[in-house]
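For reference, the chains in residue letters:
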Amino acid sequence: MNIRRSPLLTAGTRTMVPTLVLFSVYLLIVGHDVPGGGFAGGLIASSALLLVFLTFGSRGLERALPVDPEALTGLGLALAILAGLVGLVFEGTFLTYTYASVTVPIIGDIKVSSLLLFDLGVYTLVIGLVATAVLRLGTETS
Amino acid sequence: MSTMATLPIVIPLAAAAMTLIVQRSLKAERVIGIAASIASVAVAIWLLVTVDQDGAIVVAIGGWAAPVGISLVADRLAVLLLATSAVALLAVLIYAVSQKSTDEELRGFHAVYQMLAAGVALALLTGDLFTLFVAFEIMLTASYVLLTHRAGGTETRAALTYVVIGLVASALLLTAIGLIYAVTGTVNLADLTVKLDAVPGGLRAGLGWLLFMVFGIKAAIFPLFFWLPDSYPLAPTPVTALFAGLLTKIGVYAIIRTQTLLFPSDGPVTLMLVIAGLTMIVGVLGAIAQKDIKRILSFHIVSQIGYMIMGLGFFTVAGVAAAIVFVVHQIIVKASLFLVGGLVESSEGTGAIDAVNGVARRSPWIAALFLPSALSLAGFPPFSGFVGKLALVEAGFGVGSWAVVGVSLLASVLTVFSMTKIWGGVFWGKPKDGSPFPVARGMAVATASLVAVGLIIAVGAQPLVEYAERAAVDLMAEGTYRGLVMGVQG
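What you see as residue numbers is a count from 1 along each chain, following the sequence as written. Here the convention is simple: chains get letters from A, ligands get numbers from 1, in the order in which they are written. This being a predicted model, a pLDDT of at least 70 is required before a residue's local features are given, and a value of 80 or more before pairs of side-chain atoms are given or counted; all residues contribute to the totals for chains, interfaces and linings. No hydrogens and no water enter the side-chain calculation; it runs on all heavy atoms of the structure.

**Describing the overall build of chain A**
Line of reasoning, step 1. For the purposes of this entry, the term helix denotes a DSSP run of H or I that reaches at least four residues, the term strand denotes a run of E that reaches at least two, and both are numbered from the N terminus. The helix and strand inventory of chain A stands at four helices and two strands.
Line of reasoning, step 2. For chain A, the α and β elements follow one another from N to C terminus as α-α-α-β-β-α.
Line of reasoning, step 3. Summarising its shape, the C-alpha atoms of chain A cover approximately 55 × 35 × 25 Å along the three principal directions.
Line of reasoning, step 4. With a 1.4 Å probe rolled over the protein chains alone, any residue whose accessible area is under 20% of its type maximum counts as buried; one over 50% counts as exposed, and the rest are partly exposed. Out of the 142 residues in chain A, the part that is buried amounts to 41%.
Line of reasoning, step 5. Element-wise, carbon and sulfur atoms account for 69% of the exposed surface of chain A, whose accessible area totals about 8,400 Å².
Line of reasoning, step 6. Charged residues are defined here as Lys and Arg on the positive side and Asp and Glu on the negative side; His and the ends of the chain fall outside this count. By convention, charge coordinates are those of NZ in Lys, CZ in Arg, CG in Asp, or CD in Glu. Counting 7 positive and 8 negative side-chain charges, chain A places the averaged centre of each group 18 Å from the other. The protein chains shown are the only cover counted for residues, whose accessible areas, like all others here, come from Shrake-Rupley with a 1.4 Å probe.

As structure tokens, this is what we get:
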């Protein structure tokens, strides 16, 4: 695609994308305690991808996300199911959450919940889905 | 135990995820899809046997007990339909893979197919009205993809009708659920059985009919059926067979479940019987007017839905049991008839009655597959359709609803008439010159297996009827469902 790039958009994207991605990861990690979560985080990360697409076109998006977005969708679904199975194995029911405390030097105790795995699945799935949609709808067909 | 009841949903979901990951290789997708479908059949049959012996299995998903959390309830009715639909899903998938064109043309076919299977399983197992809505959405979204991918002028127009009707029905269903929640404060089916008792009679009836209408759109009852014969015939054969066998029947299941559980009646419901009669007659008259195998069969879907609604409308154990038997029979027979129709299309190049002649001479084996299914649909003894219709007629006599029973018999005669139209037009007559196109062996095997399952149902009619009666007793006994679901912790 041949787009005349606005310098303002390019500069804006270069600053916004890392911020958005960082914020999305923050939402993903805190999601099971405070407002946030995989879906909200995934959408924010997708909006970063959307910015990349608007600025650098589908080539740019493919460079920024160098994996097959549809496989990413499948991976996300698989992770979410895996989180459900963790509950099945440790607590006896599908999707029941379980957690373990991990001691990390300097930071201290961190609770790792299987919800985080579920959220990570949703996060991945949302990114994969939005990227698929953008690439399918936004790429010129021959 | 509780693990097994979640597997019918988890297996297809996991398979969908894996097919998406490996989608560079169609072969791997096919292996995963078929393996998942075989596993689903095995699990469903295990559930069928276990639930009948040891009673229903209830799972509180995520460890949240009802009415707060979402329960999965694998009772007799749910697992019977689960097993039947799993068999149909497997046969249709083998047909689709053997036909090759379906999954070669549609990228991600296997993922969508497994999502649809997951939606069907969730709809059957859920004990929660809102989750039922979600299950319908999963099913419908998958069906939109399957129906619209072969885009062309006519196809897109017909698919648009289907999608718009689907969306309107979903919006209405959501509204109905919202209203029920506003009135009672719960969407858990078991909880609703009690909470609805406090609701004034008129309001309760209104909610009941609203739900009946919404699921009626999905089940294609009169007068809400017109979208079906327009859209179904245009999809690829395996997709049509799947829709015909499963989707409308899940609508009927939802009607049976919600009406018996939430809006029980002491005697026959006249309005329901009138709707059932009209659905039967209008559907079959529409079928007679058609000139294409798939279109004829599509109108028959509508007509046969009427029989199921009739069984429910009697509101007796015998009536509901007969409706259940009929649903099982229809899932298998309808899917196999469409697959046979697809075989005719594959070997002759078209399914138009005027253009095809003498298939009985040209490909006798296709005729041999068509005949038992067609006779079964029309209700000839000793086929499974006869078993279902006999049970329905007996149930009708039991409550003295002579009129609707008469209508159903008339509709049966007309069904025979339209089947002879296919038989006379397609299978008899002077064969045209040239040999038929070759048909992939897997397509024939898949169709033959499904026809064989139909015959097994006919032979094993007694156990099926008894099973359906036990399921109907569960449904009609007040408080059974509530007793099952409430208090289950994980």
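**Some remarks on the confidence of the model for chain A**
Line of reasoning, step 1. Counting all residues, the mean pLDDT for chain A is 84, and 94% of those residues have values of 70 or more.
Line of reasoning, step 2. The predictor attaches a confidence to each residue, and that confidence, scored 0 to 100, is pLDDT. Highest mean pLDDT in chain A belongs to helix α1 (residues 7-30) of chain A (90); lowest belongs to strand β2 (residues 108-113) of chain A (73).

**Overview of the interface of chain A and chain B**
By convention, interface size is frequently given as the accessible area that disappears when the constituent parts associate.
Line of reasoning, step 1. Counting from both sides, the interface comprises 17 residues of chain A and, opposite them, 20 residues of chain B.
Line of reasoning, step 2. Whenever Lys or Arg places a side-chain nitrogen within 4 Å of a carboxyl oxygen from Asp or Glu, that contact is recorded as a salt bridge. At the junction of chain A and chain B, the tally comes to two salt bridges.
Line of reasoning, step 3. R24 of chain B is the salt-bridge partner of D68 of chain A, the closest N and O atoms lying 3.6 Å from each other.
Line of reasoning, step 4. Nitrogen and oxygen atoms within 3.5 Å of one another constitute a polar contact, given that in protein one can donate a hydrogen and the other can accept it, and given that sequence-neighbouring residues count only through two side-chain atoms. Inspection of the region where chain A meets chain B yields two residue pairs in polar contact (both at pLDDT 80 or more).
Line of reasoning, step 5. Element by element, the count of residues in the side of chain A that touches chain B is highest for helix α3 (residues 69-90) of chain A, at ten residues.
Line of reasoning, step 6. Residue composition of the side of chain A that touches chain B, grouped by class: nine nonpolar, five polar and three charged. We call two residues contacting when some pair of their heavy atoms lies within 4.5 Å. Put simply, Ala, Val, Leu, Ile, Met, Phe, Trp, Tyr, Cys and Pro go in the nonpolar bin, Asp, Glu, Lys and Arg in the charged bin, and everything else, Gly too, in the polar bin.

**Structural notes on unusual backbone geometry**
For residues besides glycine, phi is generally negative; the peptide bonds are generally trans as well.
Residues and elements named next belong to chain B.
Line of reasoning, step 1. A cis amide bond links F222 with the next residue in sequence, P223, at an omega value of -5 degrees.
Line of reasoning, step 2. Along the chain, P223 turns up in the loop between α9 (201-219) and α10 (227-231).
Line of reasoning, step 3. In this structure, the amide linkage connecting P381 to the following residue, P382, adopts the cis form with an omega of 5 degrees.
Line of reasoning, step 4. Looking at where P382 falls in the secondary structure, it is placed in the loop between α16 (364-378) and α17 (384-399).
Line of reasoning, step 5. Look at A220: it is not a glycine, yet its phi comes out positive at around 65 degrees.
Line of reasoning, step 6. Relative to the elements of secondary structure, A220 occurs in the loop between α9 and α10.
Line of reasoning, step 7. Since its relative accessible area comes to 0%, A220 is described here as buried.
Line of reasoning, step 8. Notably, F315 is not glycine yet its phi reads approximately 55 degrees, a positive angle.

**So, the pairing of strand β1 (residues 99-104) of chain A**
Residues and elements named next belong to chain A.
Line of reasoning, step 1. Each pair of strands is called paired provided DSSP finds at least two bridges between the two strands. In the sheet, β1 pairs with β2 via six bridges, with the strands oriented antiparallel. Looking at the pairing, T103 lines up with D109 of β2.
Line of reasoning, step 2. As consecutive antiparallel partners, β1 and β2 are separated by three residues, and within that stretch I106 has a phi angle of approximately 75 degrees, a positive value.

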